[in-house]
Amino acid sequence: MAKKSDYFGLDYIVSLILAIIPFTSWLCGAITRIQEGKLVAGILRLVFGWNIIWICDLVLMIVSKHILRLLNV
């Protein structure tokens with residue numbers, strides 16, 4: 001069985017595919033952070049999640065199977 005990953009508890013391969021596509025990474029990252037109760041982090045991902053955060057999410061998803069957790073507010 002595949003290991004669970006960040007985006008909504010989906011399998012790692014599905015989460016990796018979602019992380020590769022910029023729009024889905026931006027949207028899923030924001031929704032994931034809001035579901036975790038981190039409203040400010042989710043809003044910041046909506047505003048700034050299309051550039052450097054997307055690249056960091058992609059690298060971290062490949063390396064550690066988790067998205068970037070820059071702000072825990």
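In what follows, the accompanying structure is described. (Residues numbered from 1 in each chain as written. Predicted model: local features only at pLDDT ≥ 70, side-chain atom pairs only at ≥ 80, totals over all residues. Heavy atoms only, no water.)

1. Thoughts on the state of the cysteines
Spelled out, the test is: In this description, the term disulfide denotes a pair of cysteine sulfurs within 2.5 Å. Buried means the residue's accessible area, taken with a 1.4 Å probe over protein chains only, is under 20% of the maximum for its type, while exposed means over 50%, and partly exposed covers the values in between.
Using the criterion set out here, one finds 0 disulfides in the structure. The cysteine C28 is free of any disulfide, with C56 supplying the nearest cysteine sulfur at 18 Å. According to the relative accessible area criterion, C28 is buried, its value standing at 10%.

2. Some words on the packing of helix α1 (residues 12–20) against helix α4 (residues 52–64)
When two helices pack together, you describe them by how their axes are tilted relative to each other and by the distance separating the axes. Put simply, the test is: Here an angle of 0 to 180 degrees is reported between the N-to-C directions of two axes, which are lines fitted to C-alpha atoms, with helices fitted over the stretch in contact. A helix here means a DSSP run of H or I that spans at least four residues, while a strand means a run of E at least two residues long, and both kinds are numbered starting from the N terminus. By definition in this entry, angles of less than 35 degrees are roughly parallel, angles greater than 145 are roughly antiparallel, angles of 65 to 115 are roughly perpendicular, and the rest are oblique. Should the near helix be turned anticlockwise from the far one by less than a right angle, the crossing is termed left-handed; should it be turned clockwise, right-handed. The criterion used for residue contact is that any of the two residues' heavy atoms lie within 4.5 Å. Only Asp, Glu, Lys and Arg are considered charged in this grouping, and only Ala, Val, Leu, Ile, Met, Phe, Trp, Tyr, Cys and Pro are considered nonpolar; every other residue, Gly among them, is considered polar.
At a closest axis distance of 9 Å, the pairing of α1 and α4 adopts a crossing angle of 160 degrees. In terms of orientation, α1 and α4 fall into the roughly antiparallel class. Here α1 and α4 pass one another in a crossing that is left-handed. Residue-level inspection shows Y12, S15, L16, A19 and I20 of α1 in contact with α4, the latter providing W54, L58, M61 and I62. Residue composition of the contact of α1 with α4, grouped by class: 8 nonpolar, 1 polar and no charged.

Fair warning: the whole summary comes from geometry, so function is off the table for now.
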